[in-house]
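In case you want the letters, here they are:
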Amino acid sequence: MFENSEQYTANKILILFVLDKFEMKMTDNALNAVLLGPGLVNYFSIQECKEDLIAKGCVERLLDSNGSVLYCITEKGKERLNQMKYMLSGGLGARYEAF
């Protein structure tokens with residue numbers, strides 16, 4: 001699915017970046033809309049990366065009172081983001097900040 005492990009890692013960092021920037025829990029639809037909006041990642045990549053981030057404790061998946069899925073970045077996720085933020089250089093992070 002991924003061209004290489006660097007692309008996979010960049011996609012995971014991008015998810016952490018978006019969750020961190022919004023500073024709130026995001027629904028699955030909202031997170032997907034933001035990530036898919038600029039057209040730089042595909043739906044299946046997002047799903048695979050989200051599951052990996054949840055398994056590693058970087059993202060938490062919660063249910064709201066209506067049973068809707070919500071995502072938020074954990075402290076571990078924030079640490080990883082700070083360590084790997086350089087991978088969003090070259091304007092990729094800026095495209096998502098503007099969105």
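Parameters and conventions
- Residues numbered from 1 in each chain as written.
- Predicted model: local features only at pLDDT ≥ 70, side-chain atom pairs only at ≥ 80, totals over all residues.
- Heavy atoms only, no water.
- Helix = DSSP H or I, 4+ residues; strand = E, 2+ residues; numbered from the N terminus.
- Buried < 20%, exposed > 50% of the residue type's maximum accessible area, 1.4 Å probe, protein only.
- Contact = heavy atoms within 4.5 Å.
- Pairing = 2+ DSSP bridges.

1. Overview of the overall build of the chain
Thinking step 1. Secondary structure summary: the chain contains 5 helices and 3 strands in total.
Thinking step 2. Along the chain, from the amino end to the carboxyl end, the secondary structure elements read α-β-α-α-β-β-α-α.
Thinking step 3. Sorting the 99 residues of the chain into buried and exposed places 38% on the buried side.
Thinking step 4. At a minimum sequence separation of 6, the contacts of the chain that also span at least 24 residues come to 59%.

2. Let's talk about the pairing of strand β2 (residues 59-63)
Within a regular strand, the side chains alternate between the two sheet faces.
Thinking step 1. With 5 bridges connecting them, β2 and strand β3 (residues 69-73) associate as antiparallel partners. Paired with valine 59 across the two strands is isoleucine 73, which belongs to β3.

So, to be careful, I would describe these as geometric facts and stop short of saying anything about function.
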